[in-house]
Amino acid sequence: MKRPAGAMKRPAGATIPTKKMMSKRSDKAFRPFPVPKRGKGIMGRDQSAMKQKKKKNSMKEDMVSMLIEDNILIDWSGRICPHCGQGKLGNRRVQADGAVKWQCNSGRRRGKQVGACHGHPVFSDGNGQSKMSLMNKIHLLLNVNHKAIERMSKYLDAARQRFVEKKEEEIVFGGDKEWVDVEADETVFRAALSADKKTKEWEQWAGCVERGRPQSLVLRRTNNDTTVPKAPGPGAITKSDWKPFLLSRLHHHKVILHSDGAKSYNIRADGVLHDWVVHARKRKTICGKWVWLKPAFTKLVRHKLPEGGSILVKGGTQIVDRAWQFLKEHIGSRTLKPKSRALASRIRSGQWEHWNKGNDLWVATGDMIYEEMGGVY
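This is a predicted model, so every value here is computed, not measured.

Draft legend 1. Up close: unusual backbone geometry. Of note in this structure, C287 is not a glycine but carries a positive phi near 60°. Within the secondary structure, C287 sits in the loop between β10 (282–286) and β11 (289–293). With a phi angle near 65°, K339 is a residue other than glycine that sits in the positive phi range. Tracing the sequence through the fold places K339 in the loop between α6 (318–331) and α7 (341–355).

Okay, here's the thing in C-alpha cells:
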C-alpha cells in the first residue's frame, strides 16, 4: 500500500507509541477534579451570573436610596397613587430587572406600579427604544452619550426656570430700618437678523441686585428688542420697562439706587435715593489744551437722608456687571436665537446658579426638586 501524498515521514529510530504507553500517567501529573456538592464549592455559570445580578440590583437600590436621601428622588412610600388618586402606595420593592417600584395597594387601579422617575422634572422613564433604567442614565451621563446629557440638561434648565420664576416674586429689596445699596443695569445676550433681513432682533434683559446678597438677583426681559439691521445696539432701557419695576419693587423700601447714565433711571420715587456714573470719556481743558480723561466707573456720593443726616456711598454698577459676566459665561457659545424659549431657560438657569453661589449645588438641586414634587404629590 502506497503512502498517501503529503503524509509526514517518521524519523529514523523513533518508537511507535502503543495504547499501553499512552494510558500510562505519572502520579504527579494526574490531579483528580473535585466534584462539588450542591450549594457548595465551585459555582456554575448560572450561579455566578445570578450572584452578579443580585449584586447589580443591590447597587441600583443603594443608588436610589442615596438619591432619596439627597432629595433628588422622591420616596413614594405611603403617598397617594398618582394614577388613581385614591389608593396608597406600599413600600419600595426591587424587581428582577433591578427596577425600583412602588405598588398601589388599594383604589380602582390596584396593582399599578410607580417608578422612581415618575413625574420627575429631570429624569424620565422613556418609551420604546428610548426606555432606559436610572442606572443606565447615570452611566451614560458619566460616559460618552451626548443625547442623554443634552436631554437632561434641557430638563434641568426648565426645572430651574420654574423654580426661579416662582421664588423671584418673594424677593424684597431694602427694609424698614436701614438703607441698602441696590444696583440696576441692562445687557444684551444675543442678536440676529430677522428672516427677511430688514430688522435686527435683540435679547435684552434688565437686572437688579442688592449688594452683599447674590440671591437677590432679579431679571426681567425688556421690550426693546427690534432695531434696524445696522444698529449698534437696542439702546438703554425705556421708561415703560423701568417704571413698573421701580414702583412694584423699590417704592418705599429705603433703597439707594446705583445705575449708569441712562435717563430712564431718573424717575423719582418715595424711599429711593438715586445716583449714577457715566461710563464715557470726558474732554477737559488742562493748561489750555484739550485732554481726554479716562471713563470713571465708580465715584463717592453723599446723599441727604429724609429723616435727617447724610450717608456716604460708592456709586457704580460693578456687582450687577459681574452678574452679567457670570450669566454670559454660563450660556457659553451655544447657538441660541433671540426671543427663544431655550435662551430664556438658559438665562434663568444661570440666575439660579448665581443665587446659590458658595452653596453645594447638589444639595440645592435636591431641595429644588423636592419642593417642586412635594407640592404636586
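Moving on from the model shown.
Draft legend 2. Structural detail: the sheet that holds strand β3 (residues 113–115). Strands sit in the order β1-β2-β3 across an open sheet of three strands; the sheet is antiparallel. The open sheet has two edge strands, β1 (89–94) and β3, and neither has a second partner. With strand direction ignored, the average angle separating the axes of adjacent strands in the sheet is 30°.

Draft legend 3. Just the pattern of salt bridges, in detail. Following the criterion strictly, the structure yields 12 salt bridges and no others. E165 is paired through a salt bridge with R348; the nearest N and O atoms lie 4.0 Å apart. Of this pair, E165 sits in helix α4 (residues 146–167) while R348 sits in helix α7, and the two are 183 residues apart along the sequence. Owing to a relative accessible area of 38%, E165 belongs among the partly exposed residues under this scheme. The buried category is assigned to R348, whose relative accessible area is 8%. A salt bridge links R249 to E169, with the nearest nitrogen and oxygen atoms 3.9 Å apart.

Calculation rules
Residues numbered from 1 in each chain as written. Predicted model: local features only at pLDDT ≥ 70, side-chain atom pairs only at ≥ 80, totals over all residues. Heavy atoms only, no water. Helix = DSSP H or I, 4+ residues; strand = E, 2+ residues; numbered from the N terminus. Pairing = 2+ DSSP bridges. Axes fitted to C-alpha atoms, helices over the stretch in contact; angles between N-to-C directions. Salt bridge = Lys/Arg side-chain N within 4 Å of Asp/Glu carboxyl O. Buried < 20%, exposed > 50% of the residue type's maximum accessible area, 1.4 Å probe, protein only.

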